[in-house]
Every structure is written in C-alpha cells, then in structure tokens.
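Given next are the chains, with one letter for each unit.
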Amino acid sequence: MLCAAMAIATPTDFASPPPKTASKTDIVETVDKLRATFESGVTRPAEWRVTQLRQLYRMIEDEESKILSALKSDLGKCAAEGFIGETNMVMGEVKVLLSNVRRWMRPRTVSAPLTVQPAKAKIHPEPLGVALIISPWNYPFQLAIAPLAGAISAGNCAAVKPSEVAPATSAVIAELCRKYLDQSAVAIIEGGVPETTALLEQRFDHIFYTGNGTVGRIVMQAAAKHLTPVVLELGGKSPCIIDRDVNLEVAARRIAWGKFFNAGQTCVAPDYLLVHEAVKKPFLDKLAEVIREFYGDDPQKSPDYPRIGNARHHKRLCALLDSGKVFVGGQTDVNDRYIAPTVLTDVSPDSAAMQDEIFGPILPVLTISSLDEAVRFVNDRDKPLALYVFSNDADRAQTVIDGTSSGGGCVNDCVMHLAPHELPFGGVGPSGMGAYHGKASFECFTHMKGVLHKPFYLDAPLRYPPYTDDKMKWVKRLS
C-alpha cells in the first residue's frame, strides 16, 4: 500500500548532487575532535547514551519521509521497502538498546576462586573510544545508523562514512545527524574513495565495515597498522536448499520475497537454489507464479520493485544472464537501471553466476538428488553469510544446519533471521567477522575489562617466596 502511493522510478529520479567532501586536514581535525570529546568523559555516563539514543529515535520519527525520499532517489525503493528494510529496522534496534543499556553497562560480579580470596571479581564494560563506521549503498540508511546506535549505546564517539554511491541518503544522514545528535561526539564524513582512504590512515579504537570482501581486506590491512579491532560484515554466496518434502506455495513466496526484496541487493539474499530433483518442476512453476503475483506481468511498471544501485553494477549483472537458461525474467533496461526478477535453470557450478556473490535479482537454480549432496556442495565452497533450508522434516533440516557452517540462516524462511534482536548477526570466515544487533551491538563496541577487587586484610603468605615444601603443599591443596 505504501509503495502504491509513490511514483514509479524514472531515470531522472536517480539524479543527485555529488556528496560534500572533506579534505585530509578536515578529517584529521575531525578525528582529533572526536578523541578529545571521548577523553573528556562526556560520552561515558548512561544519561548521555540514553539521550543520544532517544534523539536518534526521534530523528527517524520526525524525518522519516525525508529519509524514504532519499532512498527512493538513490535506489528506487518504494516507501514500504524503505520502512521495512531501513527505518523500522533501525528504530527497533534503538528501542532494544534504550531498554537495556543501563543494565548492560553496569559492572557485574563473577565468581573468584579460593586462591584469591578474599576478593571480588568483576567485569567492567567500558567504551572502546573513537569508532569508524563505513557503510554500503544497498541499505544506505540502516547500515550506517544501526551500527552508530550500537557505538553510542556503548559510550563511544564515532565517525560515520556513508556510501557515496547513495548520495541522496548520504546527504540526509549528514544533515540529520548534525541536527539531532551531539556534533562533538558524532561526525559524518561524506565523500568517496579519497575520503575513505584518509579516514583509514587515522588511528581509531574500532572499525566497523559493511561491504565486499575486497575492500574488507583493505580495511583490515589499514587497521593492522594501529592494531585496531575490526568487525567486517561482508557477504558471499548464500545457498538456499529445497528438500523433496516442502510446502511449495509457502517456500516459493518466502524465497521470492527474500531474493527480490531490494532487487536482490541484500547481503543475505538467497544467492542460488539447490532444489531436490523430485520437486524441481512444480517448485519452479510455483516460483514463476509467485513472481508474477508480486510484481505483475511487467515488473518494470511495478511500484514495488526497486532499481540497481549504479550503472557499473547493472553492467556486471547483465553479463551473468548468460550463465543459464532464462526460466523467468531476463529483461533489462540500462537507462532505467532495471533488471527483471530472473530465474536461471540449467546452470553449471562453473558458470559466471556461481563464482561470486550475485547481489542482484538473478537466481540460479541447480538440481540435487539428496540433502547430503547439498551439504557437500556448500562445504566445498567458502562459508556463506547465510544458509537457508526448506523441509517439512525437522530432523533433515537440522542435519543441514549441523553439517554446514554459515554466519546465520533460517529453516523454512529467508532473511528473517535478521528480525529477532536477540540473534547476533555476522559472518564467519570469508563472509565476515564479529557480530551485532541487540546486545551484540553493545558488546561489539565495548571492552569487557576484568578487574579483581581485594581488601588489605588477610594477606596470605603462601604466594610469597621463599617457596618451601610446606607452602607448595598448601598451594596445591587449595588450587
């Protein structure tokens, strides 16, 4: 309904002014200012954290229409997709942080062994310092602001680098954060590769990067110079396995939604299907039916279907259409940055579409004869960011989950494991490192400092030299 109220994207909708840029001197001064703010201690108290999180929530509440308009300008996103995948996701995250941050930041007591008694052992959560957040263009608001909320909840200062590929959203983020948040503690750095390079030359206490593995390696190399901890939210080829015993209608609807939401430009979108040979034909027929139901006979005219992020990305995706036989879709329009929701059959594992993450509305279909075959296929490749398995048999589905490694995933659904804030989200191996969402967001930007508190009374002589045989007998007995 929300999408229907907005006009269909045209090429002119994508025209946005280039982002404002910062010189290297500006960047150095900005980082120095953030560090001075952090060292002043102003960000540590619970009241500052809560106030900034409330301002963040208010920012989205007050300015949602402006944010959604920017998302439509950059990606052709309708209001519903902008709400579901961007603003609502961040507001949910902020609400969880607001409800728990005072409790999470308190020191907590843990057990201390007899050998150190009398004593109290405590974990003191403390902010890391000044964080750098580098966000991508596919969810340009959510993937900039959700990590920022985590950094704020943990009491850090932060420099945020929005994607220059989504210039309208980048400009809105810069404008609104200056308006609503503490400018001495939160800085938005607009620009492109030169600005990102200059930022990575600075010393930060934490770097949070979302994007592709190639740039992820560059970020990690830059962080290594200062021994800066990193979280890398990358991607990969997330498999979707369809067992021989499934509800075809529900499976087709959930897979089509998960794949073609945001025109497939989602890091956890199903990247390819492994379909059991017994249900391949009826499943594909149902999938084609569902795509028509969602987007009509001509998805280019659908108000609910977004566009590809940029011309270079569009060209790369078009080259993948020859990787198999087009079963559904295949239509493209370079001037509109449009690629139809496309399903490919007769796809070889060696084809271009099966080499790297597709990150677009192209869904290759491969055939399997058993779940064991699917597990072997997945395990022969890099560990994916997500894995999905559809089966009416819970034990068979669990066998797939237990037999593979992935950042996360779903049984009988796609993408929706991002919704529960209690589930940490992150990759494993080539699909990333570290996790966030909910409490994991707070912990991501927090150092858990272990401290032993001891009184002056009862200073046991056993630990001090000279180490006699009698002393060592007691030490061993008490250990």
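Owing to the predicted nature of the structure, the values given are computational and were not obtained by experimental measurement.

A. Here's a closer look at the sheet that holds strand S18 (residues 432-433). If you trace the 6 strands from one edge of the open sheet to the other, you get S5-S4-S3-S6-S7-S18, paired in mixed fashion. Looking along the sheet, the strands with just one partner apiece sit at the ends: strand S5 (186-188) and S18. Of the strand pairs in this sheet, strand S4 (residues 157-161) and S5 are connected by 3 bridges, and their pairing is parallel. Following the sheet pairing, Ala-159 is matched in S5 by Ala-187. Helix H4 (residues 142-153) rests against strand S3 (130-134), S4, S5 and strand S6 (206-210) of the sheet, and its axis sits at about 165° to S3.

B. Region of the structure containing a nonpolar patch on the surface. On the surface, Leu-114, Trp-474 and Leu-478 cluster together to form a nonpolar patch covering roughly 310 Å² of accessible area. The residue Leu-478 is located in helix H14 (residues 469-478) in this model. According to the relative accessible area criterion, Leu-478 is partly exposed, its value standing at 33%.

C. Spotlight on the pairing of strand S13 (residues 342-345). Neither face of S13 is left uncovered, since the one carrying Thr-342 and Leu-344 and the one carrying Val-343 and Thr-345 both have all their residues buried. By the bridge criterion, 3 bridges tie S13 to strand S14 (residues 362-368) in an arrangement that is parallel. Across the sheet, residue Leu-344 finds its bridge partner in S14, namely Pro-364.

D. Layout of the environment of Pro-306. When you line up the elements, Pro-306 lands in the loop between helix H9 (280-295) and helix H10 (311-318). As for Pro-306 and Val-50, which are separated by 256 residues in sequence, their C-alpha atoms are 35 Å apart. Excluding residues within four positions of it along the chain, Pro-306 makes contact with Leu-75, Gly-76, Lys-77, Glu-81, Asn-262 and Ala-263.

E. Up close: the nonpolar core. By size, the foremost hydrophobic cluster in this structure holds 138 residues, and its most contacted members are Leu-148, Leu-273, Phe-283 and Leu-287. Per element, the largest residue contribution to this core is 12 residues, and it comes from helix H2 (residues 46-75). Not counting chain neighbours up to four residues away, the residues in contact with Leu-287 comprise Ala-252, Ala-256, Leu-273, Val-343 and Leu-363.

F. Here's a closer look at the packing of helix H11 (residues 371-379) against helix H12 (residues 394-403). At a closest axis distance of 10 Å, the pairing of H11 and H12 adopts a crossing angle of 20°. Comparing their axes, H12 and H11 come out roughly parallel. Seen along the crossing, H11 lies across H12 with a hand that is right-handed. When H11 is examined against H12, the residues Leu-371, Val-375 and Asn-379 are found in contact with a partner set consisting of Arg-396, Val-400 and Gly-403. Considered class by class, the residues forming the contact of H11 with H12 number 3 nonpolar, 2 polar and 1 charged.

G. Representation of a positive patch on the surface. Taken together, the side chains of Arg-103, Arg-106, Arg-108 and Lys-439 present a region of like positive charge at the surface. Along the chain, Arg-103 turns up in helix H3 (residues 79-104). Take Arg-103: its relative accessible area is 48%, and that puts it in the partly exposed class.

H. Spatial organisation of the sheet that holds strand S16 (residues 408-411). Read from one edge to the other, the open sheet built from 7 strands follows the order S10-S13-S14-S9-S8-S15-S16, with strand pairing classed as mixed. Two strands lie at the open edges of the sheet, namely strand S10 (325-328) and S16, each paired on one side alone. Averaged over all pairs of adjacent strands, the angle between their axes in this sheet comes to 25°, without regard to strand direction. Across 3 bridges, S10 lies against S13 in antiparallel orientation. Each residue of the ladder has a partner; that of Lys-325, found in S13, is Thr-345.

Cut-off values and rules
Residues numbered from 1 in each chain as written. Predicted model: local features only at pLDDT ≥ 70, side-chain atom pairs only at ≥ 80, totals over all residues. Heavy atoms only, no water. Pairing = 2+ DSSP bridges. Helix = DSSP H or I, 4+ residues; strand = E, 2+ residues; numbered from the N terminus. Contact = heavy atoms within 4.5 Å. Axes fitted to C-alpha atoms, helices over the stretch in contact; angles between N-to-C directions. Patch = residues over 30% accessible without salt bridge, like charges linked within 9 Å, V, L, I, M, F, W, Y side chains within 5 Å. Areas by Shrake-Rupley, 256 points an atom, 1.4 Å probe, with all protein chains shown as cover. Salt bridge = Lys/Arg side-chain N within 4 Å of Asp/Glu carboxyl O. Buried < 20%, exposed > 50% of the residue type's maximum accessible area, 1.4 Å probe, protein only. Core = buried A, V, L, I, M, F, W, Y, C linked by side-chain atoms within 4.5 Å. Parallel < 35°, antiparallel > 145°, perpendicular 65-115°, else oblique. Left-handed = near helix turned anticlockwise from the far one by under 90°. Nonpolar A, V, L, I, M, F, W, Y, C, P; charged D, E, K, R; others polar. Lys, Arg positive; Asp, Glu negative; His and termini not counted. Charge placed at Lys NZ, Arg CZ, Asp CG, Glu CD.

Any functional reading would require information that these geometric values do not contain.
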